[in-house]
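Structural overview
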Amino acid sequence: DGIDYAIENGADIINMSLGGSNWQGTTMANALARAEEAGVVVLASAGNNGGRGSAWPAAYPTVVSVGAVESDLSSSSYSNFSPIDVDVTASGTQLTALANGGNMFTGTSQASPSAAGVFALVMDKFPELTPAEVRDRVFAFAQDSQQRVYFPDENKDVAISKHGGVYAGTGLLDPSVPAPALTP
């Protein structure tokens, strides 16, 4: 209901600081498809299990999955990670909440709103873009970190980034670097 309410009331971006298996299913998939069709970019927290992959709803293909990093640019041990499933990260440790008496909170739920801000800036600058084009645009100006992680269960070593600040894919987002031109 919340996604449909946001669509009906003209939202351009939705941040979902939540996750778990109860968000997997046809009802959520259909709501996310309606958001995509309505031009709404959706982000969700990747999860705080410290494991590979993303929690639902961040695991849906049209949802930007947001992991968390520490303020010293190191990986957050609690954040889910994956070079394939986690799309962006932002600082998520000991952030002051505006609500709840200004208490400090930690988690990917704290990182996701910061990432949503980056997407909102791109949407403001390029209002004609579809959600897929906004995602592509943000991911395009990521700088490669060249950090590697070994996954023994798959006997492979892959590139993965963990930076403080928002980053996309395998690189740190640097808004001062011009993004490549979008091609149809």
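As the structure is a prediction and not an experimental result, all values here were calculated from the model.

**Some words on the nonpolar core**
Side chains of nonpolar character tend, in soluble globular proteins, to be buried together. One finds V41, L43, V64, V66, V88, F119 and V134 to be the most contacted residues of the largest nonpolar core, which totals 18 residues. When contributions to this core are tallied by element, the ones reaching two or more residues are strand 2 (41–45), strand 3 (63–69), strand 4 (88–91), helix 3 (108–125) and helix 4 (131–140). The greatest single-element share of this core, amounting to 7 residues, is contributed by helix 3. Excluding residues that lie within four positions of it along the chain, L43 makes contacts with I13, I14, N15, M16, V63, V64, V66, S112, A115, A116 and F119. Counting 14 residues, the second-largest nonpolar core is a separate cluster that includes I3, L32, V42 and A44.

**With respect to the side chain of S112**
Note on placement: S112 falls in helix 3. A polar contact is formed between the side chain of S112 and the side chain of N15, at a distance of 2.4 Å. Those residues within four positions of S112 in sequence are excluded, and the remaining contacts are N15, S17, L43, A44, S45 and V66.

**Points about the packing of aromatic side chains**
If you walk through the whole model with that rule in mind, you get 1 aromatic pair. Measuring from ring centre to ring centre gives 4.8 Å for W56 and Y60, while their planes differ by 70°; the resulting arrangement is edge-to-face. Residue W56 is classed as partly exposed on the basis of its relative accessible area of 25%. Overall, the relative accessible area of 11% leaves Y60 in the buried class.

**Description of the side chain of R135**
Looking at the secondary structure, you find R135 in helix 4. Here the side chain of R135 touches E36 through a polar contact of 3.0 Å, side chain to side chain. Sequence-distant contacts of R135, that is, excluding residues within four places in its chain, are made with E36, T62, V64 and F119.

**Notes on helix 2 (residues 26–37)**
End to end, helix 2 covers 16 Å across 12 residues, agreeing with the expected 16 Å (1.5 Å per residue, within 8%). Residues M28, A31, L32 and A35 constitute the buried set of helix 2. Seen along its axis, helix 2 keeps its buried residues to an arc of 100°; they face one direction. For helix 2, the exposed residues set more than 90 degrees away from the buried face come down to T26 and E37. Residues of helix 2 that are buried sit in contact with helix 1 (2–8), strand 1 (13–16), strand 2 and strand 3.

**Quick word on the layout of surface pockets**
Approximately 160 Å³ is the volume attributed to the second largest pocket. If you go around the second largest pocket, the residues you meet are D1, I3, D4, M16, L18, W23, T27, M28, A31 and R34. Among the elements of the structure, helix 1 and helix 2 are those that each provide at least two residues to the lining of the second largest pocket. The leading source of residues in the lining of the second largest pocket is helix 2, at 4 residues.

**Some thoughts on the pattern of salt bridges**
What the rule picks out here adds up to 2 salt bridges. Notably, a salt bridge pairs D4 with R34, separated by 2.8 Å at the nearest N-O pair. Residue D4 is located in helix 1, and its partner R34 is located in helix 2; the two are separated by 30 residues in the primary sequence. Overall, the relative accessible area of 21% leaves D4 in the partly exposed class. A salt bridge links R135 to E36; the shortest N-O distance between them is 3.0 Å. You can see R135 sitting in helix 4 and its partner E36 sitting in helix 2, a full 99 residues away along the chain.

The rules behind the values
Residues numbered from 1 in each chain as written. Predicted model: local features only at pLDDT ≥ 70, side-chain atom pairs only at ≥ 80, totals over all residues. Heavy atoms only, no water. Core = buried A, V, L, I, M, F, W, Y, C linked by side-chain atoms within 4.5 Å. Buried < 20%, exposed > 50% of the residue type's maximum accessible area, 1.4 Å probe, protein only. Helix = DSSP H or I, 4+ residues; strand = E, 2+ residues; numbered from the N terminus. Contact = heavy atoms within 4.5 Å. Polar contact = N/O pair within 3.5 Å; in protein donor to acceptor, adjacent residues only side chain to side chain. Phe/Tyr/Trp six-rings, centres within 6.5 Å; stacked < 30°, edge-to-face > 60°. Expected span 1.5 Å × (residues − 1). Arc of directions from axis to C-beta. 1 Å grid on protein atoms, 1.4 Å probe; cavity = no way out; pocket = protein on both sides within 12 Å on 5 of 7 lines; lining within 4 Å. Points joined across faces, edges and corners; volume = space filled by probe spheres on them. Salt bridge = Lys/Arg side-chain N within 4 Å of Asp/Glu carboxyl O.

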